[in-house]
Amino acid sequence: MTLNIFATIRARVVAAVATLHPGLAADVLARIQVEPPRDPAHGDMATNAALVCAKPAGLPPRAFAEALAAALAEAPEIAQAGTAGPGFVNFHLRDAVWRGQIPAILAAGEAYGDSTLGERRRVDVEYVSANPTGPMHVGHCRGAVVGDALARLLAKGGWDVTREYYINDAGAQVQALGWAAYWRYLEALGTPLTEEEFSALVPGGLQYRGEYLSPVGVALAELNGDALAPGAMPADPALWLDIVRDFTVAAMMTEIRVDLAALGVEHDVFISEAALIAAGTVTRAMTLLAAKGLIYQGVLEPPKGKTPEDWEPREQTLFRATQFGDDVDRPLRKSDGSNTYFANDIANHADKIERGHQELVHVWGADHGGYVKRMAAAVAALSDGAVKLDVVLCQIVRVMKDGEPVRMSKRAGSYITLRDLIEEVGRDAVRFTMLTRKSDAQMDFDLNAVVEQSRENPVFYVQYAHARARSVLRAAGEPEAAELAEAKLELLVEPSELDLIRKLAAWPRTVEQAALAREPHRVAFYLHDLAAAFHLSWNRGRDDSTLRFIREEEPESTRARLALVAATAVVIRSGLAVMGVDPVEEMR
RNA sequence: GGACCCGUAGCUCAGCUGGAUAGAGCGCUGCCCUCCGAAGGCAGAGGCCGAAGGUUCGAAUCCUUUCGGGUCCGCCA
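Residues numbered from 1 in each chain as written. Chains lettered and ligands numbered in written order. Predicted model: local features only at pLDDT ≥ 70, side-chain atom pairs only at ≥ 80, totals over all residues. Heavy atoms only, no water.

Enquirer: Hey, could you run me through the nonpolar core in this one?
Expert: Core analysis: the biggest nonpolar cluster contains 147 residues, and V13, V17, F91 and F445 have the highest contact counts within it. Residue contributions to this core peak at 14 residues, all from helix α23 (residues 555-579). The contact partners of V17, leaving out residues within four places of it in the chain, are L24, L29, I32, A49, C53, F64 and L68. Counting residues in each nonpolar core, the second largest holds 24 residues, with A285, M286, A321 and L360 among its members. (Core = buried A, V, L, I, M, F, W, Y, C linked by side-chain atoms within 4.5 Å. Buried < 20%, exposed > 50% of the residue type's maximum accessible area, 1.4 Å probe, protein only. Helix = DSSP H or I, 4+ residues; strand = E, 2+ residues; numbered from the N terminus. Contact = heavy atoms within 4.5 Å.)

As structure tokens, this is what we get:
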């Protein structure tokens, strides 16, 4: 049920080539592309068919192109075809073909752009996975939005998507969190100890001193009285650490879920590291790798040029990551015998594969860039190369206010939480703005600019286009679908109108290209272009009143234009839905 | 020392996985409000795509080298 006009026409081109040159191999035909030319003056579409097929066919590219152009000119959708440059075939589609997209859009509604490209392959998209040791801050925000939008994009592209949050609830950091919450609990009980006196009792010293744990301490006191700290004095950790830690992790996850909900970010599954360990998944994964001969005892070379002072050669349990493209083999066990984070994460990936996923996608912060190769190596090893891991790295976001970077210290109170950010500029502005850059490019998030109502703010610009479209439809008395379906679309002859239709028709292709590249930001740029085309059409009516959408004296023309406006609103909504942004009915 | 990411108009960034004369917004210059919304519109100037080689019909895009900026580098996650 593909509505991708480019795919339709490409099929025509491939068929024409196959007819002219029956002997061409399938992999040659596969290289044929049909895309919009960079310069619209060249036509609606262009194909490289002659360039990629001429040599195998034993013809000069120009001769191949001439013959192909002649054949394509016979196709019912194509108005004219010609050759250009080294062997391109450019062609114009009949206006009727373009206009025919409008009823297709109106019939499909927001499902317009849905693709079968993903062939329902099962893909696991893991994103956020913030440690459950505190509230979410803006550093997590970009990955959350990019991951969520990417999941929506892949779903629209025809993949069967699982959205995963991996909870790092095992290991030293959550132990430290338990101690920190215990301190707040002691405080709630009225302990005579000072924070520094308590810190001296904590292995490694007290961490997570932010006040956000105080409510957890109070809750613990209400639930347990002083049972976990008789007389409001520290007791043996064996008595309380597991209880307090689990309680605190649960409380932090509740906070995080609230934040994610406020941002409109959703997950299907929350996978617990501790649960994976308890279920024996780690052991199974290690056994699997060992059976493949990929685990050994060995000593690593020190990193060149930057040897840590306390470096000493040490024999450890290593995974043969170098067999799968990594730079060095990677340790699986710490010196105390417990597993490294990497070992547990291997189990997480084994679990994803066991659950039947054929593709894996991760959204990580750029600080995890050095971790990509080893994880890709592990996935390749676990699946014998059958499953591919794609990692989308998100670079740092710098929050700017009044031209100055907002300081981001880890100390409580002085850093911006995600909730602060949403309250300041609104959910939709946060989401849209986070998608206005390639994720691997650094970004300044300007608090002043994203709430500005002007053309340079893409959030506003796109929303405004939708609001305008809706305003027109309201002014026209909300025409019914059936009425619009009867519109005489051949009355749409203005260049600005046909340009707008071409832009609308590019949406399915945009979805597919963006999904393949795992680049949701392309949707934001597409919507900006579409909004520009719509605003242009609107503004034509300013200079020439006969070009207005609504003209009472011309009901047929009005109806055709309303169909175009309605289709525009539909596609904007379809695009915003991928970004997780709500369309607005009017600007305020 | 090594790995990964980024260098494109004065500024902020796109560039559809190798295509044609490299695009948009801001800023700049000049025009345009009796108007379904001027919180705008139209037109114009502005580029050796960091640099140098290479691959091929063809390179901003792929490879090598190099110069800048960022992230990171054995028992943190």
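Enquirer: Help me out: how do you make sense of the protein's contact with RNA strand B in this one?
Expert: Around RNA strand B, the surrounding shell holds 61 residues, and the nearest of these are R314, K334, Q453, R542 and R548. Per the 4 Å cut-off to the protein, sugar and phosphate atoms form 59% of the nearby atoms of RNA strand B. A distance of 2.6 Å separates a base oxygen of RNA strand B from a polar side-chain atom of R509. H521 has a polar side-chain atom sitting 3.2 Å from a phosphate oxygen of RNA strand B. Taken together, the elements giving at least two residues each to the surface near RNA strand B come down to α3 (49-57), β4 (88-93), α8 (172-189), α18 (458-475), α21 (507-517) and α22 (521-543). It is α22 that contributes the most residues to the surface near RNA strand B, seven residues altogether. Residue composition of the surface near RNA strand B, grouped by class: 23 nonpolar, 15 polar and 23 charged. (Near = heavy atom within 4 Å. Polar contact = N/O pair within 3.5 Å; in protein donor to acceptor, adjacent residues only side chain to side chain. Nonpolar A, V, L, I, M, F, W, Y, C, P; charged D, E, K, R; others polar.)

Enquirer: How do you make sense of the sheet that holds strand β11 (residues 359-365) when you look at a structure like this?
Expert: Strand pairing in a sheet relies on backbone hydrogen bonds, with the paired strands running either antiparallel or parallel. Pairing in this open sheet of five strands is parallel, and the strands run β7-β6-β5-β11-β12 from one edge to the other. If you trace the sheet from one side to the other, it starts and ends with β7 (269-272) and β12 (388-394), each paired once. The average angle at which neighbouring strand axes cross in this sheet is 25 degrees, direction not considered. With four bridges connecting them, strand β5 (residues 122-126) and β11 associate as parallel partners. Looking at β11, one finds that D124 is bridged to L360. Seen against the sheet, helix α11 (residues 237-263) touches β6 (160-167) and β7 and runs at an angle of roughly 140 degrees to β6. Set on the sheet, helix α15 (residues 372-383) makes contact with β11 and β12; between it and β12 the angle comes to about 160 degrees. (Pairing = 2+ DSSP bridges. Axes fitted to C-alpha atoms, helices over the stretch in contact; angles between N-to-C directions.)

Enquirer: Help me understand the state of the cysteines, please; the structure alone is not making it clear to me.
Expert: Cysteine pairs can be covalently joined through their sulfur atoms, and such a bond is termed a disulfide. Throughout the structure, instances matching the rule amount to zero disulfides. With no disulfide of its own, C394 has C141 as its nearest cysteine by sulfur position, at a separation of 10 Å. (Disulfide = S-S within 2.5 Å.)

Enquirer: Where do I start with the environment of R355 in this structure?
Expert: Within the secondary structure layout, R355 lies in the loop between α14 (341-354) and β11. Leave out the neighbours within four places in its chain, and R355 touches R122, D124, T162, E164, V269 and I271.

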